[in-house]
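Here is what each chain is made of, one letter per residue.
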Amino acid sequence: MSTESAAEPARPARRRWRLGLIVALVLGVAGAGGGWLYRQLTHVNVIDARVAADMVVLGSQVAGRVTGVRVIAGDTAGQGQVLVTLDERRNRLRVEELDARLQALVAERDETRARLTMVDHQTGSAIEARQAEIDAARSALSSAQAQRDLARLDDRRAARLVGQGAVNQARADKTRTALATAREAVKSARARLHNAEAALAEARADREQLGVLRRRLAGLEAQAHALRAQRDQARLDLDDRTLSMPFDGVVDRVFVDPGEYVSVGQRLAMVHDPQAVRVEANVKETAIRHFAPGQAVTVHVDALPERTFTGTVERVGQAATSEFALLPSPNPSGNFTKITQRLPLRVSVAQRDGLLKPGMMAELEARPGG
């Protein structure tokens, strides 16, 4: 059998195999194209989307020299972790000075309060004692006056009896002497009463120190309040010289180096929370009707082609992005070119292993009415 006759049966089989391969390729391409065409006809696709997050710029609230930078861009930091420190020597000394002044003022206030209590007790006791002396002096004066009146009656009676010859002159002299003695006793008792009243007035005058001490105590309280406010302000200034992480997140940028002098409000670092990412898109006005809050959408991230994310529409913009342009185009000349406008769309999406990073390009796919 010749070689040509042996090759003839193999050629039809080879042709059939090639034809089958071509048909399979055509069917595969048609299937893929059909799926693509189906999605294009039944889904809304938005390619103008990107991953976003709130980028927080941390600034300095005080002026000073940078003494330390504890992180670099890309570091993960927990809430409260120190990022940047400023020179705090003067502020620390100021706080210590105000603490010392406040302690001295508090000690003086406590001493004044103790003295106020002591004077209150002393003057109160003195007034009670002087009042008792006055009561005793009044009783003594009343008794002396009664004795004087009795002696006066005896003297008059003795004088009548001497005139009648009923008693001798010696008895009359004795009653006259008793009357004089009683009169002197009244004068002495009245003097003691005046002295007791004067002592009471003096004790009451001493009690007026309470008012002086109370006013002084009020002044010390006001000074202590003012010093506490100054001390608290100094502590705030001291705390502001340490820049800490406001939440658990990552450091995106650090704008200063050790040794630099920063002013109030100057940027020191930029951070964001990687768990609080979202997707923002600009949707054509002709397709915005297909999106509504709460609607589920599919998110494809260009950097992660093998992964698919599911998001939820949070908000649909109420004004086109052109309304926020720095240089609006009102077109006063009358020459008009119609351009499809875009409205902002915000989609919430769950973070996965920190893969979603702000700025990544993404695409949204949504089924109308889904």
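Up top you'll find the structure we're talking about.
Report follows, based on the coordinates.

So, how was this worked out
- Residues numbered from 1 in each chain as written.
- Predicted model: local features only at pLDDT ≥ 70, side-chain atom pairs only at ≥ 80, totals over all residues.
- Heavy atoms only, no water.
- Pairing = 2+ DSSP bridges.
- Helix = DSSP H or I, 4+ residues; strand = E, 2+ residues; numbered from the N terminus.
- Buried < 20%, exposed > 50% of the residue type's maximum accessible area, 1.4 Å probe, protein only.
- Polar contact = N/O pair within 3.5 Å; in protein donor to acceptor, adjacent residues only side chain to side chain.

1. A few points about the pairing of strand S14 (residues 361-366)
- Alignment of strand S1 (residues 44-52) against S14, held across five bridges, turns out to be antiparallel. Of the residues in S14, the one forming a bridge with Val 46 is Leu 364.
- Alignment of strand S11 (residues 296-301) against S14, held across four bridges, turns out to be antiparallel. Residue pairing for S14: Val 301 is matched across the bridge by Ala 362.

2. Describing the pairing of strand S9 (residues 267-272)
- By the criterion of burial, S9 is predominantly enclosed, with five of the six residues buried.
- Both strand S2 (residues 56-59) and S9 contribute to a ladder of four bridges, which runs antiparallel. Note that in S9 the partner of Val 56 across the bridge is Val 271.
- In the sheet, strand S7 (residues 249-254) pairs with S9 via four bridges, with the strands oriented antiparallel. Bridging across to S9, Arg 253 finds its partner in Met 270.

3. Side note on the side chain of Gln 295
- Along the chain, Gln 295 turns up in the loop between strand S10 (278-284) and S11.
- At a separation of 3.4 Å, a polar atom in the side chain of Gln 295 contacts the main-chain carbonyl oxygen of Arg 367.

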